[in-house]
Amino acid sequence: PGQTVGLVGESGCGKTTTLMSIMRLLPSTGRITGGRILFKGTDLLSISEPQMRAYRWKEMAIIFQGAMNALNPVMKVGDQIREPMILHDMMDKDQAERRVGELLELVGIPRSRRDQYPHQYSGGMRQRAMIAMALACNPKVVIADEPTTALDVMIQAQVLELLDSLRKRLGLSIIFVTHDLGVVAEMCDSVLVMYGGVTAEYSDVDTIYNLAQHPYTQELLKAFPDLSQPDKRLASIPGYPPRLDDLPAGCRFAPRCPAAFERCRVEQPAIHQLSERH
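Computed from a predicted model, the values in this text were never measured in an experiment.

Rules used in this analysis
- The residue numbers shown here count from 1 along each chain, following its written sequence.
- The model is predicted, so local features are restricted to residues of pLDDT at least 70 and side-chain atom pairs to those at 80 or more, both for listing and for counting; the totals for chains, interfaces and linings are taken over all residues.
- Processing note: side-chain calculations cover all non-hydrogen atoms of the structure and skip hydrogens and water entirely.
- Labels follow the DSSP assignment, with helices taken as runs of H or I lasting at least four residues and strands as runs of E lasting at least two, numbered in each case from the N terminus.
- Using C-alpha atoms as the atom set, the radius of gyration is obtained and then compared with a globule rule of 2.2 Å times the number of residues to the power 0.38.
- Any two residues whose heavy atoms approach within 4.5 Å are treated as being in contact.
- Residue burial considers only the protein chains on display, and all accessible areas are found by Shrake-Rupley using a 1.4 Å probe.
- For Phe, Tyr and Trp, where Trp contributes only its six-membered ring, two rings pair if their centres lie within 6.5 Å, and the inter-plane angle classes them as stacked under 30 degrees, edge-to-face over 60, or tilted in between.
- Burial status follows relative accessibility: with a 1.4 Å probe on protein chains alone, a residue under 20% of its type maximum counts as buried, one over 50% as exposed, and anything between as partly exposed.
- By the criterion applied in these results, polar contacts are pairs of N or O atoms within 3.5 Å in which, for protein atoms, one can donate a hydrogen and the other can accept it, and in which residues neighboring in sequence qualify only through two side-chain atoms.
- Any two strands between which DSSP finds at least two bridges are classified as paired.
- Fitted lines through C-alpha atoms give the axes, limited to the stretch in contact for helices. The angle between two N-to-C directions lies from 0 to 180 degrees.
- Cavity means a closed set of points on a 1 Å grid over the protein atoms alone, one where a 1.4 Å probe fits but cannot get out, pocket means an open set with protein on both sides within 12 Å along at least 5 of 7 lines, and lining means a residue has an atom within 4 Å of a point.
- Grid points are joined across faces, edges and corners, and a volume is the space filled by probe spheres set on the points.
- Only Asp, Glu, Lys and Arg are considered charged in this grouping, and only Ala, Val, Leu, Ile, Met, Phe, Trp, Tyr, Cys and Pro are considered nonpolar; every other residue, Gly among them, is considered polar.
- Salt bridges are identified by distance alone: a Lys or Arg side-chain nitrogen within 4 Å of an Asp or Glu carboxyl oxygen.

Novice: What's the story with the overall build of the protein in this structure? I'm lost.
Specialist: Of the regular secondary structure elements, the protein holds 10 helices and eight strands. The C-alpha atoms of the protein give a radius of gyration of 20 Å, which matches the 19 Å a tight globule of 278 residues would have. Projecting the C-alpha coordinates of the protein onto the three principal axes gives extents of approximately 65 × 50 × 35 Å. Within the protein, contacts between residues separated by at least 24 positions form 62% of all contacts whose residues are at least 6 apart in sequence. Summed over all atoms, the accessible surface of the protein reaches about 15,400 Å², with 51% contributed by carbon and sulfur.

Here it is, written out as structure tokens:
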């Protein structure tokens, strides 16, 4: 409770698919074939869809990627924030109306703008409205899927600061997906690095940044600019992540890995616990 875990990795490594699996919101073309999703001791894969609806928004909520397209363009913003409260029978319409005003002000939007449509909001305001919607039913866990996509740098900083202040104020647990390792260092308590649909490395932020063991994590960190060494050339990882429907034999990172040897090309390395937190 009250902590933020960062989920990082290149595009196509399975971050959003993982989040949609947690919420059981995969598209019709996707399915969960194994594993467990444990929330407060309950395996969310073992319960029915009506039971799962009781978890969505009330226990866990998601801030979808790309606020520009996530809001319904023909519904007033206030109505969209009110909808989950009414659907979950949390309050009547008058109570929900008051709650909408409180949520908008909580995220820095005047309550007088509740009856406006998404096109009347700036990009940053739309993202704040998405955050207000995620908080509508007082969830314990908020999943933020790259919440600063398509926003300029100043607005990105405001949205991140808002999320962090809400985490502290409301005691939220946040799963934060991003490509930006600087944001991870600033926002997160622990980090899970994904590659090719699986976990590459998982530990607290300090360990990942200072004692990373997986070659992929090490290469990601090398590609991050260092302000203390402005003349240093940026590194890049050659090649592309594997297609998840055409995975290589052995380690999924082996075709791009500078440390790969013959065994890597035939055997997927198992996850090893290096310390209590790593």
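Moving on from the coordinates now.
Novice: I keep staring at the packing of aromatic side chains and nothing clicks. Help me out?
Specialist: To describe a pair of aromatic rings, you give the distance between the ring centres and the angle between the ring planes. Following the criterion strictly, the structure yields four aromatic pairs and no others. Residues Phe-39 and Tyr-55 carry aromatic rings whose centres are separated by 5.9 Å and whose planes lie at 85° to one another, so their mutual orientation is edge-to-face. On the criterion of sequence distance, the pair formed by Phe-39 in strand 2 (residues 38-39) and Tyr-55 in helix 2 (residues 49-55) is long-range, its members being 16 residues apart. Tyr-55 matches Phe-39 in its accessibility class, with the two residues each being buried. Ring-pair connections join several aromatic residues into one group, and the members of that group are Tyr-195, Tyr-216 and Phe-253.

Novice: Would you take a moment to explain the environment of Gly-171 for this structure?
Specialist: Mapped onto the secondary structure, Gly-171 falls in the loop between helix 7 (153-170) and strand 6 (173-177). Residue Gly-171 is classed as partly exposed on the basis of its relative accessible area, which comes to 39%. The spatial distance from the C-alpha of Gly-171 to the C-alpha of Pro-1 is 6.3 Å, given a sequence separation of 170 residues. The residues contacting Gly-171, other than those within four sequence positions of it, are Pro-1, Gly-2 and Leu-166.

Novice: What exactly am I supposed to notice about the side chain of Arg-256 here?
Specialist: When you line up the elements, Arg-256 lands in the segment after helix 10 (215-222). Note on Arg-256: relative accessible area 6%, which makes it buried. At a separation of 2.9 Å, a polar atom in the side chain of Arg-256 contacts the side chain of Glu-10. Not counting residues up to four positions away in its chain, the partners in contact with Arg-256 are Glu-10, Tyr-195, Ile-237, Pro-238, Gly-239, Tyr-240 and Pro-241.

Novice: Help me out: how do you make sense of the sheet that holds strand 4 (residues 60-63) in this one?
Specialist: The pairing of strands in a sheet comes from backbone hydrogen bonds and takes either a parallel or an antiparallel form. Spatial ordering of the open sheet is given by 4-5-6-1-7-8, a layout of six strands whose pairing is mixed. Both edges of this open sheet fall to strand 4 and strand 8 (198-204), since each of them pairs with a single strand only. On average, each strand axis in the sheet is tilted by 15° relative to the strand beside it, whichever way the strands run. The sheet strands contacting helix 7 are strand 1 (4-8), strand 4, strand 5 (141-145) and strand 6, and the helix crosses strand 6 at an angle near 155°.

Novice: Teacher, can you tell me more about the layout of surface pockets here?
Specialist: Vacant regions in the atomic arrangement are exposed by a probe of water-molecule size rolled over the atoms. Counted as a void, the largest pocket has a volume near 1,200 Å³. Lining the largest pocket are 40 residues, and of these Thr-18, Leu-19, Ser-21, Ile-22 and Ile-37 sit closest to its centre. Contributing elements (two or more residues each) for the lining of the largest pocket: strand 1, helix 1 (15-22), strand 2, strand 5, strand 6, strand 7 (190-195) and strand 8. Examining the composition of the lining of the largest pocket, we find that five residues originate from one element, helix 1, more than from any other. Here the residues of the lining of the largest pocket are counted per class, giving 22 nonpolar, 14 polar and four charged. The volume enclosed by the second largest pocket comes to roughly 890 Å³. Lining of the second largest pocket is provided by 28 residues; of these, Ala-200, His-214, Pro-269, Ala-270 and His-272 occupy positions nearest its centre. Classifying every residue of the lining of the second largest pocket gives 17 nonpolar, seven polar and four charged.

Novice: I'm lost on the pattern of salt bridges in this one. Help?
Specialist: Should their charged atoms come close, side chains of opposite charge can pair. If you walk through the whole model with that rule in mind, you get 16 salt bridges. The partner of Arg-82 in a salt bridge is Asp-79, with the nearest N and O atoms 2.4 Å apart. Taken together, the positions of Arg-82 and Asp-79, both in helix 4 (residues 77-87) and three residues apart, correspond to about one turn of that helix. A relative accessible area of 27% places Asp-79 in the partly exposed class. When the shortest N-O distance is used, the salt bridge between Asp-204 and Arg-277 registers 3.5 Å. Of this pair, Asp-204 sits in strand 8 while Arg-277 sits in the segment after helix 10, placing them 73 residues apart in sequence.

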